[in-house]
Amino acid sequence: MLLAEERAELCRIGRQMAAGGLVVGSAGNISVRSGDLVAVTPGGMMLDRMSPEDCPVLDMSGRPVEGRRAPSSETPMHLAVYEESGASAVVHTHSTYGAVVASTMTELPPIHYTTLLLGGVVRVAEYATYGTAELAANVRKALEGGRRAALMANHGGVTLGGDLDEAYENARLLEWLCGVYVRAKMIGEPRILTEEELAKAAERGLRPPEYPRREA
């Protein structure tokens, strides 16, 4: 079976996402890239009920290579992210606080210095229908400049990583940051970190790890 280890990892991360409330029902999707192949979660299936055989393998053009199920409808977005970045994994969530911020803001303000671990202020990609090339282009634009995370207007979040564990932890961090901001707004007007304050935190080494070098 092609990418057997990677497909098993999709199932493991899918179970963690469901258990952690990052997805509801069959929403959300995950992918991992290995060379010129991508393993992705299937469409219309709950992430905590998958087996490795359920996860199709595609080439970078989206052509099916192996698998018994159709890929996620958001596959064009995943492929666009791989074209834009050096990432090896993508996690797409429908988490509660992420959806709240994505439905009300144009960006997630830097309420905490760990925003730097996501590559900087998290932008909200303009709304487009799910699964479309337009949404893929909007997400790709929101990730420009080495961002590791973006929100999608009235939709959810997407995070990148050098592997699936890193992309998953970035998704957890994104949801935590959104939760802090939303809860802070309930008490009063949150204090937002300035560019100077963020720069000082970055000087102390707070930045995302570099992606593994990909074979030419």
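Here the structure is a predicted model, which is why all the values come from computation and not from measurement. In this numbering scheme, every chain counts its residues from 1 along its sequence in written order. Predicted model: local features are reported for residues with pLDDT of at least 70 only, side-chain atom pairs are reported and counted for 80 or more only, and whole-chain, interface and lining totals are derived from all residues. Calculation of side-chain values draws on the structure's entire complement of heavy atoms; hydrogens and water are dropped beforehand.

Because the α-helix completes a turn every 3.6 residues, residues three or four places apart line up on one side. Three or more residues of helix α4 (residues 133-142) are buried, namely L135, A136, N138, V139 and A142. Viewed end-on, α4 has its buried residues packed into an arc of 165°, placing them on one side of the element. Counted as exposed and oriented over 90 degrees from the buried face of α4: A133, E134 and K141. A contact between two residues is defined here by any heavy atoms of the two lying within 4.5 Å. For helices the rule is a DSSP run of H or I covering at least 4 residues; for strands it is a run of E covering at least 2, with both sets numbered from the N terminus onward. Turning to α4, the residues buried within the fold contact α2 (75-84), β7 (122-125), β8 (149-152) and β9 (156-161). With a 1.4 Å probe rolled over the protein chains alone, any residue whose accessible area is under 20% of its type maximum counts as buried; one over 50% counts as exposed, and the rest are partly exposed. By definition, the arc is the one covered by directions from the helix axis to the C-beta atoms.

What follows concerns the sheet that holds strand β6 (residues 107-108). Note on pairing: two strands pair once DSSP finds at least 2 bridges between them. Within the open sheet, the nine strands sit side by side as β4-β3-β2-β1-β5-β9-β8-β7-β6. Their pairing is mixed. The strands lining the two open edges of the sheet, one partner per strand, are β4 (64-66) and β6. To obtain an axis, a line is fitted to C-alpha atoms, over the contacting stretch when the element is a helix, and the angle between two such axes runs from 0 to 180 degrees between their N-to-C directions. Of the strands in this sheet, β1 (29-34), β2 (37-40), β3 (57-59), β4 and β5 (89-93) touch helix α1 (residues 4-19), which is tilted by about 150° from β1.

This brings us to the packing of α2 against α4. Their axes nearest at 8 Å, the elements α2 and α4 cross at an angle of 35°. Crossing of α2 over α4 shows right-handed handedness. On α4, the residues touching P76, M77, A80, V81, E83 and E84 of α2 are A136, V139 and R140. A breakdown of the residues in the contact of α2 with α4 according to their chemical character gives six nonpolar, no polar and three charged. Note on convention: near helix rotated counterclockwise from far helix by under a right angle means a left-handed crossing. Clockwise means right-handed. Residues are grouped as follows: Ala, Val, Leu, Ile, Met, Phe, Trp, Tyr, Cys and Pro are nonpolar; Asp, Glu, Lys and Arg are charged; all remaining types, including Gly, are polar.

A 1.4 Å probe that fits into a set of points on a 1 Å grid over the protein atoms alone but cannot get out defines a cavity; an open set with protein on both sides within 12 Å along at least five of seven lines defines a pocket, and lining residues are those with an atom within 4 Å of a point. Grid points are joined across faces, edges and corners, and a volume is the space filled by probe spheres set on the points. All chains considered together, the criterion is met by one cavity of 30 Å³ or more. When its volume is computed, the largest cavity comes out at roughly 40 Å³. What lines the largest cavity is simply L22, T93, S95, G98, L151, G157, A171, L174, E175 and C178. Among the elements that take part in the lining of the largest cavity, helix α5 (residues 164-187) stands out by supplying four residues, more than any other.

Relative to the elements of secondary structure, L108 occurs in strand β6. On a C-alpha basis, the gap between L108 and V158 in space is 13 Å, while along the polypeptide they are 50 residues apart. Those residues in contact with L108, other than ones at most four positions away along the chain, are V101, V121, V122, L151, L174, L177, C178 and Y181.

What follows is about the pairing of β5. Here β5 lies mainly inside the structure; five of its five residues are buried. Burial along β5 is two-sided: the residues A89, V91 and T93 and V90 and H92 are all buried. Sheet topology places β1 next to β5; four bridges connect them, and they run antiparallel. In the strand pairing of β5, N29 is matched with H92.

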